[in-house]
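# A closer look at the structure
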4 protein chains.
Amino acid sequence: MPGSTFGRILTVTTFGESHGPGIGVVMDGAPPGIALAVEDIQKELDRRRPGQSAITTPRNEKDRVEILSGVFDGLSTGTPIALLIRNEDKRSSDYDNLKSLFRPGHADWTYGAKYGVRDWRGSGRASGRETAARVAAGAVARKFLAARGVSILGYTREIGGVRAVRVDPAEIEKNPARCPDPEAAPLMIAQIERARADGDSVGGIVEVVAQGCPPGLGDPVFDKLEALLGHAILSVGAVRGVEIGTGFESARMKGSSYNDEPFMDHGRMRTRTNNAGGIAGGISNGMDIIIRAAMRPPASISRPQKTVDAAGAEVTVEIAGRHDPCIVPRAVPVLEAMTALVLADCLLVQDVYRSR
Amino acid sequence: MPGSTFGRILTVTTFGESHGPGIGVVMDGAPPGIALAVEDIQKELDRRRPGQSAITTPRNEKDRVEILSGVFDGLSTGTPIALLIRNEDKRSSDYDNLKSLFRPGHADWTYGAKYGVRDWRGSGRASGRETAARVAAGAVARKFLAARGVSILGYTREIGGVRAVRVDPAEIEKNPARCPDPEAAPLMIAQIERARADGDSVGGIVEVVAQGCPPGLGDPVFDKLEALLGHAILSVGAVRGVEIGTGFESARMKGSSYNDEPFMDHGRMRTRTNNAGGIAGGISNGMDIIIRAAMRPPASISRPQKTVDAAGAEVTVEIAGRHDPCIVPRAVPVLEAMTALVLADCLLVQDVYRSR
Amino acid sequence: MPGSTFGRILTVTTFGESHGPGIGVVMDGAPPGIALAVEDIQKELDRRRPGQSAITTPRNEKDRVEILSGVFDGLSTGTPIALLIRNEDKRSSDYDNLKSLFRPGHADWTYGAKYGVRDWRGSGRASGRETAARVAAGAVARKFLAARGVSILGYTREIGGVRAVRVDPAEIEKNPARCPDPEAAPLMIAQIERARADGDSVGGIVEVVAQGCPPGLGDPVFDKLEALLGHAILSVGAVRGVEIGTGFESARMKGSSYNDEPFMDHGRMRTRTNNAGGIAGGISNGMDIIIRAAMRPPASISRPQKTVDAAGAEVTVEIAGRHDPCIVPRAVPVLEAMTALVLADCLLVQDVYRSR
Amino acid sequence: MPGSTFGRILTVTTFGESHGPGIGVVMDGAPPGIALAVEDIQKELDRRRPGQSAITTPRNEKDRVEILSGVFDGLSTGTPIALLIRNEDKRSSDYDNLKSLFRPGHADWTYGAKYGVRDWRGSGRASGRETAARVAAGAVARKFLAARGVSILGYTREIGGVRAVRVDPAEIEKNPARCPDPEAAPLMIAQIERARADGDSVGGIVEVVAQGCPPGLGDPVFDKLEALLGHAILSVGAVRGVEIGTGFESARMKGSSYNDEPFMDHGRMRTRTNNAGGIAGGISNGMDIIIRAAMRPPASISRPQKTVDAAGAEVTVEIAGRHDPCIVPRAVPVLEAMTALVLADCLLVQDVYRSR
């Protein structure tokens, strides 16, 4: 219960620290009969892995995944699917000087306050590396969703104040910023490079769209679809805000312009606009589900920063290590994965009612 | 599991429809020994109830609460606390014409799609009335939090584009907008009155601040404190976005300005700024916890709107009923309650580790 | 989480103390479209209520149930079904002398040790009265099960050493012992009456059989069907043991005689014997599911007993009140209800897989 | 949720099939600061592993465990502890002829009915091999319990009708039957050897005693300590019944002899007898907790047995493989582990209340 498990019917439990033997995930409740090969998972991990482009950390981890259980003759069996990724390129020595001080913006102090002990090598359990396990699990969820006609697309909406105006899905994987607007992409990359040159970091906004969801996903009251999605998205390290459809802009709208007008489209109920982002009363309405996440700039910067050490003395720290000046492009597959896990879980919950 | 229960150690399960016999809540896991009287709960319900001011719905429900269990000799006993609020001022006839059509922006269609049957009187289970049960439960949580030195303060940050610039806690309950800025309050009220006169509605932003939280609340990975709070806040009907600390603004910041600088303050670790909103690595750091929620304008407006009916015909609907032109002021105690429930639950989870 | 909720998809949360305002239950996850009337529930409560026959407690509670939510136009809506039973015939004064001492065999001391405070009137939350809420919930589950072709039959297998040899379902409700063997019934009743005359109490064994369960109920590893049933049955106050199929007798069997031989019966797989009690590898196999529960004699006896009081002094207690000399006949509907709740939950979980 | 996770605060999630790459477990919620070495876990695995004595299966698996996460500098960190055991001595070819038929007494048919697909090699997920993961997790729980003064002792109470009369803890690990009575041990072993010679198998009874538990473990209503223990014990493959204290014998007792008489012993409340097996009203009372489990004879026997195949034809099967003629001695550490996991979880839940 203390936080490493997510989901109701499709549950994922992740484990592992950034500088331990490895990280991994156990998925229980995945339906039997999903065609699943290592490549299905590796493909998504490669989109998240460090060292994939000039604007990410130069750390080079292959992030090779092994399927330990739950798949037989190329099909999921309905039993837990365990996936393991060994850690490779770990230089714990980079962290020796951090053992007894608290890096600003990091979880060093709070983990220490919570547990009394902590694995201080590379943020330990709080490392972004843990999200590789989520991406692996998300890849399995996406195979299931695809078989049900649901697809998930994520991209960078904004970096360092530069905003993608156009969304052309074909552009996304063509540039290392994962920007869907070919005009904005080079400007975003320039912002990232400038931050790195300055020993600084920049934030941004990721947008995720789910298409093909049937009506009925999400449950009344506490497990509204936006609440489950919000939980999932806000559980990713650097996310500081999440919104659905018109989101924060809704606060400045009138009811007469916010309400989406329903109409019948070839016998299927649709709405003319989609301010609600595909969710009404906490339940999907069959329109595209639209989520945006605000990501803060990474905490690890190479500039000198003031902080305190374990003895309570004020000290100055310069963080060596090999870090991302902007986490947004690598976060795209992570937020896609979290969205996939929520939607797959909701589809399974909804199957209970479909079968009536 | 299908959505009416929230929490891990302190669980709340709500029940009830807007036009059935009543609504209520069962809280399990509340610690024994909390001093608890009906008035503690009634006081909070009175802040949420309809008809409390000129800018809310004229529906007049007393929302009297009865404690059915879990309290003996004025103290909680550790067993489930069940609270019941009978429905009183229900005019189901207001909804007769809505039986077979789907109101724009409401959950009518999605509930029908999900369950096949639905209670169409006043939104049934999807009614905002359900939040009275949450406020009642939140009042219990607040008694527990107060005994631990944690206080929760909510207020209106923005309505109809009018923003509170100053936050003076003493002002909040002095105006029906629950605005902490005495200069902004009349402007907000004017926005609400104009919307009502236009047969329209307006949205806004609520801010909730928790003071006095010890470090250590929240759990790694999926149950980060912001994820639990986001889940709780986004489970309230009209919320379309949630953010922590500097929130969406973080996306435009540099790491060097976002990172809060730690320092020692009379032997206690604090940070000079609080961009993180009191949470680092998913765990509270002892600073104020700051949450904002974006609320859309209410879906029920009296203007004619186009929609479809159960037969798939396009129709025009005018919603009679007695509705709130702006839900923000009445949502303040609801969002305070959700925050209180999350923090109380986290405190109890943390007690497991405190006792080591 | 602290114990008043049971189930995975179909969850029940009970509340209430024996001498508070009332007891009740909230069921979430019940499928929509179940035809449900107050009488469906009342009928089962009447089988459990005190004062129903000469061999039960003379306490006379009508146990009238009210449906507070989740039912509309005679059908369940898929939202939480809340049921309330007001307490009526409560004589708290019977317990005044028990306030500061610990009755042997009761939970007085352990509740005090756990919580520091306790409701000492009539065992409070630990009272068998709580099971009325379970019977009410079970009645709803049974309506759902019946629609799926599953029926549940419970009866007394043994009381005070007298064993029912024959099982004639038509006999069960004809005698107050709920004994399916008309020859054993009067002997059981005599055992109960002798115990009462002696100021003593007797135990016995209840057997529950579920017919019509499809194969596939129960889940691998920790949620094997027998584990879920065992949890449910052992959660009923006086139960001290539970067994499935040949149960404890299996420990003395050889594999060659224990293994049930499969054969095809009109195209359906069956086994020639049913030593496994309808469960293989933790999953139902389509044969009758057979459970037995051993119930200890009630703790409340009128003979003087030695014990200690809150001050640690050794005292003698004589328990007045109005108690059952044997709880077995009234426990039959309770154990049926628990079986129904487990099977309904498992059917819903299995619907996830049926829909693939 | 579908069955591979157990526990409330201390959760264990197992994964793996008998003939896949390996089996393992993720424990979340284990407290930080537990001293933990590979040897602590290996020691318990060695008590469960095949090939440990002449009366077990000759399969020879070393069952070497690897700690993948959650331990740093020899201490648990509070984050998930993942443990992996690679499968070694797997001869899948032994099972080729079983691919398309259903072994009597096994889960072959029910898994197929549930999931549509199954890993037919050596029972797949339903294999007793999965319990190695539980023993590994249990070893961690036992380290925590030991630090709190709780010890757990299991032994064979009965095999093939031969009963241990005396319980001498020093004798248990001296004989391969794990029998605490040196006179009964050789008779038990003879029963096992006779069954093997006959191509048959025998069942038996395991008893587990927990000493040093504080009062207060277990929660009211559905999570009574005996219900949690019953769930845990009945989730182990061959268990067909479970009882607490005097168990089924209670059904034949009078209240006047069943009720344990409380007295003060050096300022501590105790009872003169322990018929309740250490649990009153679902909550531990500080006396020894006593559990017994009835285990059926193993399903795999080498005698010819009639069954049906996937095509519905009646066939005769002779099970080759290398099987245990009696699982009881190897089940002792498994049932100890399950008991340890329940008690550790309850201790952590109780810490919530201790801290009040």
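Computed from a prediction, not measured in an experiment: that's the story for all the values here. (Residues numbered from 1 in each chain as written. Chains lettered and ligands numbered in written order. Predicted model: local features only at pLDDT ≥ 70, side-chain atom pairs only at ≥ 80, totals over all residues.)

## With respect to the overall build of chain A
Secondary structure assignment for chain A yields seven helices and 18 strands. Taken over C-alpha atoms, the radius of gyration comes to 21 Å for chain A, in line with the 21 Å a tight globule of 356 residues would show. A principal-axis box enclosing the C-alpha atoms of chain A has dimensions of 65 × 50 × 40 Å. Across chain A, contacts joining residues at least 24 apart in sequence account for 68% of those joining residues at least 6 apart. (Helix = DSSP H or I, 4+ residues; strand = E, 2+ residues; numbered from the N terminus. Rg over C-alpha atoms; globule rule 2.2 N^0.38 Å. Contact = placed C-beta atoms within 7 Å.)

## Looking at the relation of the copies chain D and chain C
Superposing the two chain copies requires a rotation about an axis and a translation along that axis. Of the two same-sequence chains, chain D is brought onto chain C (RMSD 0.0 Å, axial shift 0.0 Å) by a rotation of 180 degrees. This pairing of chains is accounted for by a two-fold axis. Closest approach to the rotation axis among the C-alpha atoms of chain D is made by His231 of chain D, whose C-alpha sits 2.4 Å away. (Least-squares fit on C-alpha atoms with pLDDT ≥ 70 in both.)

## Things to note about the sheet that holds strand β4 (residues 65-67) of chain A
Residues and elements named next belong to chain A. Taken in spatial order, the five strands of this open sheet run β1-β2-β3-β7-β4, and their pairing is antiparallel. Unpaired on one side and paired on the other, β1 (5-6) and β4 mark the two borders of the sheet. Two strands pair when backbone bridges link them, and β1 and strand β2 (residues 11-16) are joined in this way by two bridges, in the antiparallel orientation. In the strand pairing of β2, Phe6 is matched with Val12. Contacting β4 and β7 (81-86), helix α1 (residues 38-48) crosses the sheet at an angle of about 150 degrees to β4. (Pairing = 2+ DSSP bridges. Axes fitted to C-alpha atoms, helices over the stretch in contact; angles between N-to-C directions.)

## Things to note about the packing of helix α1 (residues 38-48) of chain B against helix α3 (residues 131-147) of chain B
All names here are of chain B. At their nearest, the axes of α1 and α3 sit 8 Å apart, and the two run at 135 degrees to each other. It follows from the interaxial angle that α1 and α3 lie oblique. The way α1 lies across α3 gives a crossing that is right-handed. Contact residues: Asp40, Ile41, Glu44, Leu45 and Arg48 in α1; Thr131, Ala132, Val135, Ala136, Gly138, Ala139, Val140 and Lys143 in α3. Its residues assigned to classes, the contact of α1 with α3 comprises seven nonpolar, two polar and four charged. (Parallel < 35°, antiparallel > 145°, perpendicular 65-115°, else oblique. Left-handed = near helix turned anticlockwise from the far one by under 90°. Nonpolar A, V, L, I, M, F, W, Y, C, P; charged D, E, K, R; others polar.)

## Thoughts on the interface of chain B and chain A
Each side of the interface is counted separately: chain B has 89 residues, and chain A has 89 residues. A class-by-class count of the residues in the side of chain B that touches chain A yields 41 nonpolar, 28 polar and 20 charged. Pairing of strand β11 (residues 239-244) of chain A with strand β11 (residues 239-244) of chain B involves three bridges; the strand directions are antiparallel. Paired with Glu243 of chain A across the bridge in β11 of chain B is Gly241 of chain B.

## Some points on the relation of the copies chain B and chain A
At an RMSD of 0.0 Å, chain B and chain A line up after a rotation of 180 degrees and a shift of 0.0 Å along the axis. In this assembly, 100% of the residues forming the interface of chain B have copies in chain A that are likewise at the interface, indicating an isologous arrangement.

## Examining the sheet that holds strand β9 (residues 162-163) of chain A
One open sheet accounts for 10 strands, arranged β9(A)-β8(A)-β10(A)-β16(A)-β11(A)-β11(B)-β16(B)-β10(B)-β8(B)-β9(B); its pairing is antiparallel. The open sheet has two free edges, formed respectively by β9 of chain A together with β9 (162-163) of chain B, since each of these has just one partner strand. On top of the sheet, helix α5 (residues 225-234) of chain A reaches β11 and β16 (289-295) of chain A together with β11 of chain B; it is set at about 155 degrees to β11 of chain A, its chief contact.

## Side note on helix α5 (residues 225-234) of chain B
Of all the 10 residues making up α5 of chain B, 10 are buried; the element is thus mostly covered by neighbouring parts of the structure. Turning to α5 of chain B, its buried residues number three or more, namely Leu225, Glu226, Ala227, Leu228, Leu229, Gly230, His231, Ala232, Ile233 and Leu234 of chain B. (Buried ≥ 20, exposed ≤ 12 C-beta atoms within 10 Å, placed from the backbone.)

## With respect to unusual backbone geometry
Backbone geometry places Asp63 of chain B, a non-glycine residue, at a positive phi of 50 degrees. Here Asp63 of chain B shows up in the loop between α1 and β4 (65-67).

## Structural notes on the environment of Ser257 of chain A
One can find Ser257 of chain A in helix α6 (residues 255-258). Taking C-alpha positions, Ser257 of chain A is 24 Å from Ala164 of chain A, a pair spaced 93 residues apart along the chain.

## Remarks on the pairing of strand β7 (residues 81-86) of chain D
Each regular strand shows side chains that alternate between the opposite faces of the sheet. All names here are of chain D. Of all six residues making up β7, five are buried, and the element is well covered by its neighbours. In the sheet, strand β3 (residues 22-28) pairs with β7 via six bridges, with the strands oriented antiparallel. Of the residues in β7, the one forming a bridge with Met27 is Ile81. Pairing geometry for strand β4 (residues 65-67) and β7, over three bridges, is antiparallel. Directly across from Val65, in β7, lies its bridge partner Ile85.

## Topic: the pairing of strand β18 (residues 314-317) of chain B
Residues and elements named next belong to chain B. Pairing geometry for strand β17 (residues 305-308) and β18, over four bridges, is antiparallel. By the bridge assignment for β18, Thr307 is matched with Val315. What sits between the antiparallel neighbours β17 and β18 is a turn of five residues, in which Gly312 has the positive phi angle 90 degrees.

## Thoughts on the environment of Arg166 of chain D
Residue and element names in this part refer to chain D. Take Arg166: it is sitting in the loop between β9 (162-163) and α4 (184-197). Since 11 C-beta atoms lie within 10 Å of it, Arg166 is described here as exposed. In this structure the C-alpha to C-alpha distance between Arg166 and Lys99, which are 67 residues apart in sequence, comes to 45 Å. If we skip the residues at most four places from it in the chain, Arg166 touches Pro180 and Asp181.

## Some words on the confidence of the model for chain A
Across chain A, pLDDT averages 94, with 97% of residues at or above 70. For this predicted complex, the interface confidence score (ipTM) comes to 0.97, while the overall pTM stands at 0.97. (pLDDT = per-residue confidence, 0-100.)

## Brief notes about the environment of Ala146 of chain B
Residue and element names in this part refer to chain B. Among the structural elements, Ala146 can be located in helix α3. Note on Ala146: 16 C-beta atoms within 10 Å, which makes it partly exposed. Sequence separation between Ala146 and Val65 is 81 residues; the distance between their C-alpha atoms is 21 Å.

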